[in-house]
Structures are given as structure tokens and as C-alpha cells.
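These are the residues of each chain, in order.
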Amino acid sequence: MEKDADGFYTPRLEASAPLAQAESKGTKEEEEEQPEPIPSSSSRTDLIASTFEVTVTLADQQTDPNSPLFSAKTFEELGLHQDLLKGLYDLGFSKPSKIQERALPLLLANPPQNMIGQSQSGTGKTAAFVLTMLSRVDFSKNKTQALCLAPSRELARQIMSVVVAMGKFTPVQTEYAIKDNLPKGTSRITAHIVVGTPGTMTDLLRRKVIDTSEVKVFVLDEADNMLDQDGLGDQTLRVKNLIPRTGVQIILFSATFPDHVRNFASKFAPSANKIELQREELSVEGIRQFYMDCRNEDHKYDILVSLYQLLTIGQSIIFCQHRHTADRISQRMSAEGHKVASLHGAKDAGERDAIIDNFREGRDKVLITTNVIARGIDIMQVNMVVNYDLPLMNERGNQHSHDARPDVETYIHRIGRTGRFGRKGISINFVHDRQTWSQMEEIEKTLGKKIIRIETNDLEEMEKKMKKALK
Ligand SMILES: Nc1ncnc2c1ncn2[C@@H]1O[C@H](COP(=O)(O)OP(=O)(O)OP(=O)(O)O)[C@@H](O)[C@H]1O
């Protein structure tokens with residue numbers, strides 16, 4: 001490998017502070033397949049500051065009115081409390097992104113109004129809703145005042161780390177509502193902000209472990225997934241039915257809001273202010289999309305192995321449709337001497353946390369996984385995503401059935417694990433027959449972005465193309 005791109009791809013990684021502790025109480029969990037992280041924001045700051053190239057890229061994009069990172073304002077002008085400004089600057093945030101600039105004044109206005117906010121992956125939606133929760137809490141009251149739901153424990157943990165980091169100069173108290181995370185016998189939670197997944201949250205609300213009388217903000221991250229009847233819709237509705245009917249500001253954020261969820265979202269968050277994207281704006285410019293034409297399933301494995309060196313320039317996530325595929329290829333690669341990790345929803349909570357933490361902290365560079373971590377996970381060093389299997393509508397459906405349709409939303413979220421906040425990234429789809437080819441074509445058409453072919457038998461050419469895309 002040449003060295004030229006290394007400054008970009010090998011930023012120093014700091015060990016992140018352990019996320020909110022957890023002990024536990026077992027409840028049924030609701031998530032889909034998932035991933036997670038623990039961002040130490042200071043490591044991100046270092047990342048931005050550590051290479052000239054990255055700093056310039058970010059600064060340029062934040063002054064380009066066409067970039068989703070652009071903002072005409074400063075954080076001061078958005079009406080945030082001094083303590084939160086301190087938290088933001090401590091994280092190295094110097095300017096808001098477009099979604100932050102547009103959403104925060106609406107989110108912080110009084111009387112509070114609901115919000116349905118859409119913005120591309122990696123453009124800073126988390127800060128918008130976290131700052132809102134922190135701004136609305138009355139710290140003098142030891143009562144739960146904000147609830148936030150996410151589709152996976154990994155994402156809930158990541159969001160919590162942002163709450164803790166942005167709230168560093170406030171007396172905020174936080175608690176998890178994720179499986180196996182509360183001390184046994186906990187009968188009362190009074191933390192200001194509770195972040196979790198819908199099954200565990202429902203359980204805590206039903207048993208009145210959380211008193212909802214003072215709840216004034218309810219956030220759904222990855223809201224389209226949280227409201228989709230094929231996703232977590234039922235469970236999310238249950239949570240909503242357990243909080244006060246009036247006086248709660250409902251905030252929905254996602255990079256995607258497919259038509260079939262949009263109507264329901266508008267009912268779930270009535271009279272909401274809306275910030276929406278056009279279809280052609282959905283994917284991020286910095287992510288270059290490629291495909292490789294494989295001969296058959298076995299050839300996909302061989303190609304993945306031949307990519308190993310490239311996968312480990314930075315960090316990579318390999319998405320499979322099924323847990324058993326993730327396990328199978330990771331076991332085989334490990335047996336052949338490659339260092340890879342695998343993560344999916346069949347693993348237990350502690351194991352999941354350890355796997356994602358190892359990956360987040362850079363100890364593992366290649367993560368083989370399922371849709372469980374397709375959404376929200378924010379790890380700056382990930383510069384490559386491989387769709388070993390293309391995402392299909394029905395996760396558990398038979399990939400070879402004739403009516404298998406590509407799941408364009410999941411595709412957008414998967415490739416969005418790279419190219420975070422203005423960085424460059426690569427995604428590679430493996431296609432291996434007529435059907436997967438036409439599924440990819442449908443994705444390409446829907447997004448209106450060319451997916452470029454890379455030869456599978458010319459590694460040198462492939463490396464050149466990829467490095468160019470990452471520059
Ligand atoms: N104003 C800012 N200045 C610098 N960095 C920022 C700013 N806002 C957000 N970031 C960083 O950008 C990264 C992406 O943000 P975030 O995870 O909130 O994206 P997102 O829009 O929620 O993406 P996704 O749709 O994938 O969930 C994070 O590492 C975050 O710390």
C-alpha cells in the first residue's frame with residue numbers, strides 16, 4: 001500500500017470512556033439486528049485537527065452553501081445555554097451543520113412544537129435532538145423529563161455518550177433503558193434523560209420504574225424505522241401510549257422517511273415543523289459507490305478475502321443479510337489468519353457491547369455484521385462499507401425468491417456508516433447473478449447515482465480506483 005492516504009485513514013484513536021454503566025434487568029428486547037459505538041468526542045476532535053487534509057475538507061464544506069454541513073450562523077446565535085456551548089466547544093464543534101442551524105431554533109422555540117427532521121447520514125442530527133433534550137430539562141428537579149428511543153442497544157449507547165459529552169458542564173443525570181443494563185431490583189429511575197430501546201423502555205414505563213408525569217420531550221432517532229409496522233412500530237406506539245398525551249414535544253429524526261411511514265409520522269407527531277430532503281439529495285456526495293461482479297456465492301468470499309488489505313487501511317463494515325452468513329464468513333476468515341469481528345442480534349448484550357467497543361476503539365478493523373448496525377453508528381475511521389449481500393425488503397425473506405426487492409432505505413443507511421461529517425468513503429456492492437444485478441440497478445435508479453464497476457481480477461487497478469475515491 002502506498003502511504004499517501006495514510007494521514008487520512010489512520011488518525012490516532014483514544015480509548016473512549018466506558019459508556020454509562022449498566023447493570024441489568026432482563027426484559028425482552030425489541031431491536032432488529034444492530035451495531036453500536038462509544039464515541040469519545042475528543043477523539044473525533046483529534047481526528048479533525050490531526051490532519052491538514054481533513055481540516056481543510058471540513059472547513060471548505062462548512063462554508064459551501066450547497067453542502068449539508070453549511071451554516072450561516074454560529075452556535076451562539078442558535079440560542080443555546082452557555083453550559084451547552086461549552087460542551088460543544090469541548091467536543092471541537094465550531095460551527096453548526098445545516099440541519100443543526102435549521103432545526104435548533106425550531107426545536108428550542110416556545111411553546112414547544114413537534115419536529116420531523118430529515119438530513120443525510122452523518123450530518124449531525126444527534127446533536128440537534130440531544131441539545132434540545134438538554135435545553136428542556138430543569139436540572140433542579142430530580143425527575144425524568146426526556147425520553148429517547150433508538151432501534152439498537154449500540155445506537156442507544158452511542159446517543160448516551162453524546163448526551164454525557166454535550167452535557168458535561170451541566171448537572172444532567174442519565175439512565176439507560178436497554179436490556180441487561182440496570183442494577184437488579186431497580187425500582188425507581190429519576191434520571192433527567194433516559195435513552196433506550198422500545199421493549200425495555202415499555203417495560204420500565206409499565207412497571208412505573210420511570211415516572212412520566214414530568215416528561216416533556218420524546219425523541220425517536222431513526223424514526224422511520226421506529227414507526228414502521230415492519231420494524232419497531234408497535235413497540236414504539238406502546239411507549240407513546242404510556243407517556244402524557246399532552247405537553248410532550250415529539251421529535252422524529254432520520255436520514256430517510258419512505259412514503260409509507262411519512263403519513264404515520266405526521267400523525268405520531270401532529271402539527272410538526274418539517275425539514276425534508278428530496279430523493280436525489282438522500283445520499284452523501286463523499287461516498288463513492290462501486291460494485292464487483294462476482295461469479296457466484298463462493299467467489300464473493302474469495303473477493304472479500306482478496307480485499308482484506310484494503311479493508312484494513314482504515315476500518316470497514318461488511319454487511320450480510322443473515323446472522324449465519326456473518327458468523328460463517330468471520331469464522332472462515334479468522335481460521336485463515338485474518339483478524340475480523342462479527343456482530344449481530346443473536347449475541348448477548350455483554351458480548352455485543354465488547355465487540356462494538358473494540359471496533360470503535362480501533363482494536364478491530366473489520367466488522368462483519370447484519371442490519372443491526374446499519375443505522376446511526378458513527379465511527380469516523382470507517383472508510384469502507386461492503387454490501388456482501390444487498391439489503392432486501394424482508395430481512396428474513398429468501399434472498400433468492402423472485403420477488404425479493406432491494407431495501408433502498410437500508411442501503412442508504414448502510415453506506416452512510418462511512419463518509420461521516422464530510423469525510424470520504426467507499427461502498428462496494430457484491431453482485432453475483434442476474435437477480436442481484438437487477439436489485440442493484442433498482443437501487444441505482446432510485447438514488448440517481450452511478451454505481452461504478454471495479455474489476456475483480458485486477459487488484460492493482462482496484463486499489464488505485466479506491467484510493468482515488470478516498471482522496
Ligand atoms: N457541528 C459539528 N461540527 C463538527 N462535527 C460535528 C458537528 N455536528 C456533528 N458532528 C459530528 O459528525 C458526526 C456525525 O453526526 P451524527 O452521528 O449526529 O450524524 P447523523 O446525522 O445522526 O447520522 P445518521 O443518519 O447516520 O444517524 C459525529 O461524529 C458528530 O460528532
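Residues numbered from 1 in each chain as written. Predicted model: local features only at pLDDT ≥ 70, side-chain atom pairs only at ≥ 80, totals over all residues. Heavy atoms only, no water.

Caption draft 1: Inspection of the overall build of the chain at higher detail. For the chain, the count of helices and strands is 18 helices and 14 strands. Out of the 471 residues belonging to the chain, those deemed buried represent 61%. When the accessible surface of the chain is summed, it comes to about 18800 Å², and 49% of that surface belongs to carbon and sulfur atoms. (Helix = DSSP H or I, 4+ residues; strand = E, 2+ residues; numbered from the N terminus. Buried < 20%, exposed > 50% of the residue type's maximum accessible area, 1.4 Å probe, protein only. Areas by Shrake-Rupley, 256 points an atom, 1.4 Å probe, with all protein chains shown as cover.)

Caption draft 2: Focus on the sheet that holds strand 10 (residues 341-343). Spatially, the 7 strands line up as an open sheet ordered 10-11-9-12-13-8-14, and their pairing is parallel. The open sheet has two free edges, formed respectively by strand 10 and strand 14 (452-454), since each of these has just one partner strand. Sheet twist, expressed as the mean angle between neighbouring strand axes with direction ignored, is 25 degrees. With 5 bridges connecting them, strand 9 (residues 315-319) and strand 12 (residues 382-387) associate as parallel partners. From the neighbouring strand, Phe-319 faces strand 12, where its bridge partner is Asn-387. The sheet strands contacting helix 14 (residues 323-335) are strand 10 and strand 11 (366-369), and the helix crosses strand 11 at an angle near 145 degrees. (Pairing = 2+ DSSP bridges. Axes fitted to C-alpha atoms, helices over the stretch in contact; angles between N-to-C directions. Contact = heavy atoms within 4.5 Å.)

Caption draft 3: Highlighting the state of the cysteines. Throughout the structure, instances matching the rule amount to 0 disulfides. Looking at the unpaired Cys-294, the closest cysteine sulfur is the one in Cys-320, lying at 13 Å. (Disulfide = S-S within 2.5 Å.)

Caption draft 4: Examining helix 4 (residues 82-90) more closely. Every buried residue of helix 4 is accounted for by Leu-84, Leu-85, Gly-87 and Leu-88. Around the axis of helix 4, the buried residues are gathered within 160 degrees of arc, so they sit on the same side. Of the surrounding secondary structure, the elements contacted by the buried residues of helix 4 are helix 6 (125-136) and helix 7 (153-166). Directly after helix 4, the chain includes Gly-92, whose backbone phi takes a positive value near 90 degrees. (Arc of directions from axis to C-beta.)

Caption draft 5: Seen up close, the pattern of salt bridges. With the rule as written, the count across this model stands at 25 salt bridges. For Glu-154, the salt bridge is made with Arg-352, and the minimal N-O distance between the two is 2.8 Å. In this pair, Glu-154 is assigned in helix 7 and Arg-352 in helix 15 (residues 349-360), connecting sequence segments 198 residues apart. Of the two residues examined, Glu-154 and Arg-352, each falls in the buried class. A salt bridge links Glu-222 to Arg-375; the nearest nitrogen and oxygen atoms lie 3.0 Å apart. In this pair, Glu-222 is assigned in the loop between strand 5 (217-221) and helix 9 (223-227) and Arg-375 in the loop between strand 11 and strand 12, connecting sequence segments 153 residues apart. Comparing Glu-222 with Arg-375, the two get one shared label, buried. (Salt bridge = Lys/Arg side-chain N within 4 Å of Asp/Glu carboxyl O.)

Caption draft 6: Summary view of the sheet that holds strand 5. Pairing is parallel across the open sheet formed by 7 strands, whose spatial order is 3-4-2-5-6-1-7. Two strands in the sheet have a free side with no partner beyond their single neighbour: strand 3 (174-177) and strand 7 (273-275). Taking each pair of neighbouring strands and ignoring which way they run, the sheet shows an average axis angle of 15 degrees. Lying on the sheet, helix 7 is in contact with strand 2 (146-149), strand 3, strand 4 (193-196) and strand 5; it crosses strand 3 at an angle near 175 degrees.

Caption draft 7: Inspection of the pairing of strand 13 (residues 425-431) at higher detail. Of all 7 residues in strand 13, 7 are buried, a share of seventy percent or more. Of the two faces of strand 13, the one lined by Gly-425, Ser-427, Asn-429 and Val-431 and the one lined by Ile-426, Ile-428 and Phe-430 are each fully buried. Bridge count between strand 8 (residues 287-293) and strand 13: 7 bridges; the pairing is parallel. Within the sheet, the bridge partner assigned to Arg-288 lies in strand 13 and is Ile-426. Here strand 12 runs beside strand 13; their pairing, made up of 4 bridges, is parallel. Counterpart to Met-384 in the pairing with strand 13 is Ile-426.

All quantities given are derived from atomic positions and should not be read as evidence of function.
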